[in-house]
Every structure is written in C-alpha cells, then in structure tokens.
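Single-letter residue listing:
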Amino acid sequence: MQLACLLDDILPGTGVCALIAGHQVALFRPTDGESLFAIGNQDPFYQANVLSRGLIGEHEGEFWVASPLKKQRFRLRDGLCLDNPAVSVPAYRLELRGREVWVAV
C-alpha cells in the first residue's frame, strides 16, 4: 500500500486524483461522511484521465461517479459502468490510517 493523500485533501462530496505506482487513481469521499473509494481515473470510453472530476451520485445505497465527458456512471465500490456493464475501470483497496489515505495498486 502507498500513501495517497490526507483525508482532509478530499472534501466531502468530491474526488481527487493521486499518482500511485505510475497509475492515476481517483479517490472519492461521498457526503455520507463514512465512505471512501478508489478507482482508476481514466474514462475508458475516451481514454481521458477525468473521473476524479466527475459528479458523485447515489442510488439504492450504491455510490457512483458520472464521467464529466459523456456522463457514463461508474459504481465506486467495484468500477462497473452502470450504463454499459461490459465496461469497467479498476477498483483499488484502500485503508484509512488515522487521517492518511493508503491505496493498494
């Protein structure tokens, strides 16, 4: 695992990008105050590293992020595209150690 950022670097309801072992990782902190997620930052439809800038949503207890490009939604717990289940982005395990966010790539 590698240190990605401090918890306070991710405002509730937003995402940030961290470069970890050569991978762009999008880290998200929904407004529920408890959840943290890490998925690949690259939008697989456009090969653009933008998912960390997407909008976080929630439906039936599942958090997702909508790509800022064409709004495809990716489930945060596993990276599955909710609009095209044949497509997904990597999902990464993370740990909160005190106020530090650690990610396994």
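For the structure given in this document, a descriptive report is provided here. Values in this document were obtained by computation on a predicted structure and should not be read as measured data. (Residues numbered from 1 in each chain as written. Predicted model: local features only at pLDDT ≥ 70, side-chain atom pairs only at ≥ 80, totals over all residues. Heavy atoms only, no water.)

For the rest of this paragraph, the subject is the overall build of the protein chain. Helix and strand content of the protein chain: zero helices and 11 strands. In the protein chain, the order of α-helices and β-strands from amino to carboxyl end is β-β-β-β-β-β-β-β-β-β-β. For 105 residues, the compact-globule estimate of 2.2 N^0.38 gives 13 Å, and the C-alpha radius of gyration of the protein chain, at 12 Å, lies within 12% of that figure. Here the protein chain holds 105 residues, and the buried ones make up 39% of them. (Helix = DSSP H or I, 4+ residues; strand = E, 2+ residues; numbered from the N terminus. Rg over C-alpha atoms; globule rule 2.2 N^0.38 Å. Buried < 20%, exposed > 50% of the residue type's maximum accessible area, 1.4 Å probe, protein only.)

Moving on: the packing of aromatic side chains. Counted under the stated rule, the structure contains two aromatic pairs. Judged by centre distance (6.4 Å) and plane angle (45 degrees), the rings of Phe 45 and Phe 74 are tilted. Of this pair, Phe 45 sits in the loop between strand 5 (42-43) and strand 6 (48-49) while Phe 74 sits in strand 9 (residues 73-75), and the two are 29 residues apart along the sequence. In this structure, Arg 73 packs its charged tip against the face of Trp 64, placed 5.4 Å from the ring centre. Seen from the ring of Trp 102, Arg 97 lies directly overhead, with NZ or CZ sitting 4.4 Å from the centre. (Phe/Tyr/Trp six-rings, centres within 6.5 Å; stacked < 30°, edge-to-face > 60°. Lys NZ or Arg CZ within 6 Å of the ring centre and 35° of its normal.)

With that out of the way, let us pick up the sheet that holds strand 11 (residues 100-104). Taken together, six strands build an open sheet; the order of strands is 1-11-10-4-3-2 and the sheet is antiparallel. Both edges of this open sheet fall to strand 1 (2-6) and strand 2 (14-20), since each of them pairs with a single strand only. Direction aside, the axes of adjacent strands within the sheet are offset by 30 degrees on average. Taken together, the five bridges between strand 10 (residues 91-97) and strand 11 define a ladder with antiparallel strand orientation. When the sheet's bridge partners are listed, Arg 97 is paired in strand 11 with Glu 100. (Pairing = 2+ DSSP bridges. Axes fitted to C-alpha atoms, helices over the stretch in contact; angles between N-to-C directions.)

Let us now look at the pattern of salt bridges. Under the counting rule described, the total for this entry stands at seven salt bridges. Arg 77 is the salt-bridge partner of Glu 62, the closest N and O atoms lying 2.9 Å from each other. Here the residue Glu 62 occupies a position in strand 8 (residues 62-66), and Arg 77 occupies one in the loop between strand 9 and strand 10, the gap between them amounting to 15 residues. For Arg 77, a relative accessible area of 48% corresponds to the partly exposed category. The residue Asp 78 makes a salt bridge to Arg 77 at a minimum N-O spacing of 3.5 Å. (Salt bridge = Lys/Arg side-chain N within 4 Å of Asp/Glu carboxyl O.)

Take a negative patch on the surface next. A contiguous patch of negative charge, built from Asp 32, Glu 34, Glu 58 and Glu 60, is present on the exposed surface. Mapped onto the elements, Glu 60 comes out in the loop between strand 7 (55-59) and strand 8. We classify Glu 60 as exposed; its relative accessible area is 69%. (Patch = residues over 30% accessible without salt bridge, like charges linked within 9 Å, V, L, I, M, F, W, Y side chains within 5 Å. Areas by Shrake-Rupley, 256 points an atom, 1.4 Å probe, with all protein chains shown as cover. Lys, Arg positive; Asp, Glu negative; His and termini not counted. Charge placed at Lys NZ, Arg CZ, Asp CG, Glu CD.)

Tracing the chain through its elements places Leu 76 in the loop between strand 9 and strand 10. In sequence terms Leu 76 and Ile 20 are 56 residues apart; their C-alpha atoms lie 18 Å from each other. Here Leu 76 is in contact with Phe 28, Phe 37, Ile 39, Ile 56, Phe 63, Trp 64 and Val 65, once residues within four sequence places are set aside. (Contact = heavy atoms within 4.5 Å.)

On their own, these measurements won't tell you what the molecule is for.
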